[in-house]
Each structure stands twice: as structure tokens, then as C-alpha cells.
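Spelled out, the chains give:
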There are 2 protein chains.
Amino acid sequence: MFNNKRLISIEGIPLYVQIRENLKKDIQEGRLAIGQKLPPEEELAQQFNVSRMTMRRALNDLVEEGLLYRKQGRGTYMSRPQIDRDHTRLTNFFESAKEKGINAAIRVLIADIVPSPLKVASALGLEEGELVIRIKTLRLANDIPVSVVDHYVPYQLFPHLLDCDLEAAHLWDFLEEFGFRVKTAVQTVYAREADSELGELLKIESGEPILFKERTVYAEDGTPIEFTYCYNRGDQYSITMKLTR
Amino acid sequence: MFNNKRLISIEGIPLYVQIRENLKKDIQEGRLAIGQKLPPEEELAQQFNVSRMTMRRALNDLVEEGLLYRKQGRGTYMSRPQIDRDHTRLTNFFESAKEKGINAAIRVLIADIVPSPLKVASALGLEEGELVIRIKTLRLANDIPVSVVDHYVPYQLFPHLLDCDLEAAHLWDFLEEFGFRVKTAVQTVYAREADSELGELLKIESGEPILFKERTVYAEDGTPIEFTYCYNRGDQYSITMKLTR
DNA sequence: GAGTGGTCTAGACCACCCG
DNA sequence: GGGTGGTCTAGACCACTCG
């Protein structure tokens, strides 16, 4: 280990990325023991034939990811492998269903242009009553209804949104087509009971638990581009996240 | 703006931190317009009288925080201010109650040493049946019961934990006293119904919605130090988080 | 005091984006 | 082609930790 690691310079890929991925592979394939101390940065830099700054950039990324940790004045060490990593990533329904091998489908219940209710307006940075596009859908996973989702999108930013086939792709695909890249979201999660309408749509008894989510989605420049109420069947849905102190 | 920003070198505080906080203040106090383009990095570096690498380090932090964004080949820009920031931080019950001006109290229901159930063992990286400390508590906010929390902690790591006054401080304070700094947690959130026991403890009807959480807490080096089931009153509790694509 | 990570410099060249 | 961010170097000194 840690010998003759000189990289063959690969076209286009930054050195720190190559080093990072190289080390990550060593870690994930178990070639480094838990708690093991790594060589000092200076030495690693020599082995990889890069400057210390570049080496640090690679190490920083791995520390960020939680694979390594540093103790000032002592050294850099392997973390214990944790079960789950990389939560709090924003993924869309089709993407995550595909990863899990689930057959995803969307049925549009409402697609309309309406004046914005107060809460929607304030989330989207609009005046109350400014026009928004409302799209209410039912989501199915392997033909089982799992969520009712109520999207609100500023009409002024996406005047042609309703021309799209909203059952054919995820809403975000269309938002991106119109020039807004989905970047971050802030969401709040609650436990609620299903009312009779939700019960009917989700094929559960009314009164059964619902994981209820309010979410505001922002583009790269911070513009709010979507506000959503999301009602998820309690027995079919959970949310996993990673927190840092 | 952007003139004569030369920093008086302040004792001990790294330059990139001073620059970062300086810019953050400008942003938060509205001295920079939304969407405004910043001067190029080279120029900023000159104004602050540092090298470009140091300037970049400061800017990187602000981009990370979502206050700025970059477009390669074009420039660095102000983001729109977003309502909420800095979620997905791990906070303890007493800390967050204090911030909100809520009077927090903990009542211990169970404090015992037991063989670990399978699920607990696997979360904590133990063999099934290895001893764990189980601490079950009721949390009150302004005398209203809000959560029932069931903690499991490896006995071997904290053999003297039960000597502590567990109602006097948060469990994490004791874990840190014994040498383990709480660093990260991975949690999964579900919607459930209250059973009769929970109903009684939380003073709600059985069948009412519960925001149920399973959480594994890790120390700095990745050692799992706590696994917890957490039952929160649906009408008193929500979780807010920020997601990134 | 030796070992190690944390910060910082003053350059350099490249890749990308725009008019 | 000019402006800009992305990457990289080869040094340097400081701050922290440990024996």
C-alpha cells in the first residue's frame, strides 16, 4: 500500500479527482484498515507526484464525504465505514425509482392556472394572487399509489409549461428545458392523517398516517421555481437524511 | 463597494475566514444586489491584499453555503436570499429548545442494561445480544409532552453512563464527557400511528399521527455510539431539511 | 523537539463562455 | 480574442500534539 502510485496523466480529468477516486477505491475495497493512519500529506503528495496543495484538495473531498478524518498535529485517519452515505441529495421520483428497479408512473389530476394562495405566494416570492400553474398528480410505484403531489410554479417564469406532456417525464425535466436548473430545496416534514379524498386516491382508509411534506425548490441563482405539497402513504414511504454537527 | 477592503490582520483568525465573514456581512446586510456580478477573483484578491488561492478559499465557502454561485468563464454572482439556511445540522433537544425560548425537560422512564436486539446490534456494529444501555425518556416542551425517545448505547464504550443524572443534561453531553464527540447522524423518518402506550405518555388519543424517527449517531472517527427510536407528536413536531442536487 | 496538519504566496496554464 | 473561473506548482511559516 501507498507505494508507486504515480498516476498516468489522464486526459481532461483533474489530478485531484483522479487521486480522490483512487483513494476512495482503496478504502471501499477494504485495502485500508479501519482507523489506520495515512502517511503524512507531504509523503502522499510525493507518491502521487503532485504538490501538497493538490493532495490536500483530494483529501479534503474525502474528509467532507466522511471517509477520512484529520486530527491536527497528529495525522489523517480512516473512518469506520458507515452504513449509509450521501443522503440529503435531491433526487426526482423517476430517477430514484429507476435506481431501485421500481416502475414509476405519474397521473395528472389537475393542471391549471390559478391565482396564488398566500402561503404559495410567500414561498415563491410572489404577491398573493399572482398567477401560478398548479399541477396536482398521483404517483404510482409498481402500480401502487404512493403519493399525491400538488405543485405550484410561477406562471410568469414558465408560461408554456402546460403545453408539455406532464405524464411523460418529471416536472423538473420541463423546468430545466425552460432554462432553470433545479439546484436546492428546503422541505419540512410532518406526520398527518389521511382525509377521505387522500384515502380514496391512495387507496387507504381515511385516518391512516401520511408523511406530509412542504417543499420549496430553488434554481442555481436562488430563484424559487416550485412550491409543493406532498402527501405520502405512511406505509410506503420514508425519508433518510444525514445530519452533521 | 469593493474598494479599500484591506484587512487589518487580526490575531489568530485565518485570512480566508475574515474575508468570508466580511463578504457574508455585506451580503446579509444587503450591500450587494441580488444577481449582482462580483469583480473577478484576481481583482478581489488584490483588494483584500491576499493571493488568489486564499480569495478562492473564502469564495468557495460562500458558494458552499449557497450565498454565491459561479458560472465558469463568466463570473461569480450573488444568489437570491433564501428563507431558510443551515438545516441538516445536528442539534440536541436542549440546545434547540433554548434557541426558541422553550422550557425543555427530560423525564427518564427506563434506564437499564440489556442484551441488544438484532436491529440495535446491527446499527451499532455489535453482535446480537452484546450488552447495551437502554435509556427511555419522555421529553417535554413547556410542560407539554412532545416525544418519547428510546436510546441504545454500547455498554462497553460507556460502562459508567448510568451513574450520571440523565435528567440534568442531554445524553450527548455525557457521551462527550466519556470521550466521544458526536459528529454525524443518519436518520430515517416515518409517519406512524400512536399505540395506546404512546398515547398515554404523549397525552393524545391512540391512532393519532406520530412522526417516527430511527437514528444512528456517529463519533468523529465513524464509531456508532447511539441508536435511537424517537416518537414525536405529529401536532407538535416537524423536521426541516435542505437538499442539494 | 519532531511530526503533522492549517494557512498562505506568487506565479502559471488551461477550459469555458461571450461578443 | 478577451475575460473569467478551474487547476496546479514549489515553496514557506505557523499551530497543534505527542513523547
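Located above this text is the structure these notes cover.
Reference entry: report on the structure contained in this document. (Residues numbered from 1 in each chain as written. Chains lettered and ligands numbered in written order. Predicted model: local features only at pLDDT ≥ 70, side-chain atom pairs only at ≥ 80, totals over all residues. Heavy atoms only, no water.)

### Details of the protein's contact with DNA strand C
Part 1 of the argument: Around DNA strand C, the structure places 26 residues, and the nearest of them are R52 and G73 of chain A together with L15, Y16 and T54 of chain B.
Part 2 of the argument: Of all atoms in DNA strand C that approach within 4 Å of the protein, 64% are sugar or phosphate atoms.
Part 3 of the argument: For DNA strand C, a phosphate oxygen lies 3.2 Å from a polar atom in the side chain of R70 of chain A.
Part 4 of the argument: Between DNA strand C and L15 of chain B, the relevant distance is 2.3 Å, taken from a phosphate oxygen to a main-chain nitrogen or oxygen of the residue.
Part 5 of the argument: Listed by contribution, the elements that provide at least two residues to the surface near DNA strand C are α3 (52-65), β1 (68-71) and β2 (75-78) of chain A together with α1 (15-28) and α3 (52-65) of chain B.
Part 6 of the argument: Grouping the constituent residues of the surface near DNA strand C by class yields seven nonpolar, nine polar and ten charged. (Near = heavy atom within 4 Å. Polar contact = N/O pair within 3.5 Å; in protein donor to acceptor, adjacent residues only side chain to side chain. Helix = DSSP H or I, 4+ residues; strand = E, 2+ residues; numbered from the N terminus. Nonpolar A, V, L, I, M, F, W, Y, C, P; charged D, E, K, R; others polar.)

### A word on the relation of the copies chain A and chain B
Part 1 of the argument: The two copies are related by a screw motion: chain A maps onto chain B through a turn of 180 degrees and a shift of 0.0 Å along the axis, at an RMSD of 0.2 Å. Such values leave the two copies arranged in the relation of a two-fold axis. Scanning chain A for the C-alpha nearest the rotation axis identifies A191 of chain A, at a separation of 2.6 Å.
Part 2 of the argument: When the interface residues of chain A are mapped onto chain B, 100% of them again lie at the interface, so the same face is used by both copies. (Least-squares fit on C-alpha atoms with pLDDT ≥ 70 in both. Contact = heavy atoms within 4.5 Å.)

### Thoughts on the interface of chain A and chain B
Part 1 of the argument: Taken together, the contact between chain A and chain B spans 52 residues of the former and 53 residues of the latter.
Part 2 of the argument: Surface buried jointly by chain A and chain B totals about 4,700 Å² across both partners, of which 53% is contributed by carbon and sulfur atoms.
Part 3 of the argument: Counting the surface chain A buries against chain B, the share from its top three residues, M241, L243 and R245 of chain A, is 18%.
Part 4 of the argument: Taken together, the connections running from chain A to chain B amount to four salt bridges.
Part 5 of the argument: The shortest N-O distance in the salt bridge between R245 of chain A and E95 of chain B comes to 2.9 Å.
Part 6 of the argument: At the surface where chain A touches chain B, the tally comes to 15 residue pairs in polar contact (both at pLDDT 80 or more).
Part 7 of the argument: Broken down by element, the side of chain A that touches chain B gets its largest block of residues, twelve residues, from strand β6 (residues 182-193) of chain A.
Part 8 of the argument: Within the side of chain A that touches chain B, the residues separate by chemical class into 20 nonpolar, 16 polar and 16 charged. (Buried area = accessible area lost by both parts, 1.4 Å probe. Salt bridge = Lys/Arg side-chain N within 4 Å of Asp/Glu carboxyl O.)

### Describing unusual backbone geometry
All names here are of chain A.
Part 1 of the argument: Unusually for a residue other than glycine, N49 sits at a positive phi of about 65 degrees.
Part 2 of the argument: Secondary-structure assignment places N49 in the loop between α2 (41-48) and α3.
Part 3 of the argument: Although it is not a glycine, K203 adopts a positive phi angle of roughly 60 degrees.

### Describing helix α1 (residues 15-28) of chain A
Residue and element names in this part refer to chain A.
Part 1 of the argument: Taking 1.5 Å of rise per residue, the 14 residues of α1 would be expected to cover 20 Å, and the 20 Å separating its terminal C-alpha atoms lies within 8% of that figure.
Part 2 of the argument: For α1, the full list of buried residues reads V17, Q18, I19, R20, L23, K24, D26 and I27.
Part 3 of the argument: Two residues or fewer after α1 comes G30, characterised by a positive phi angle close to 75 degrees. (Expected span 1.5 Å × (residues − 1). Buried < 20%, exposed > 50% of the residue type's maximum accessible area, 1.4 Å probe, protein only.)

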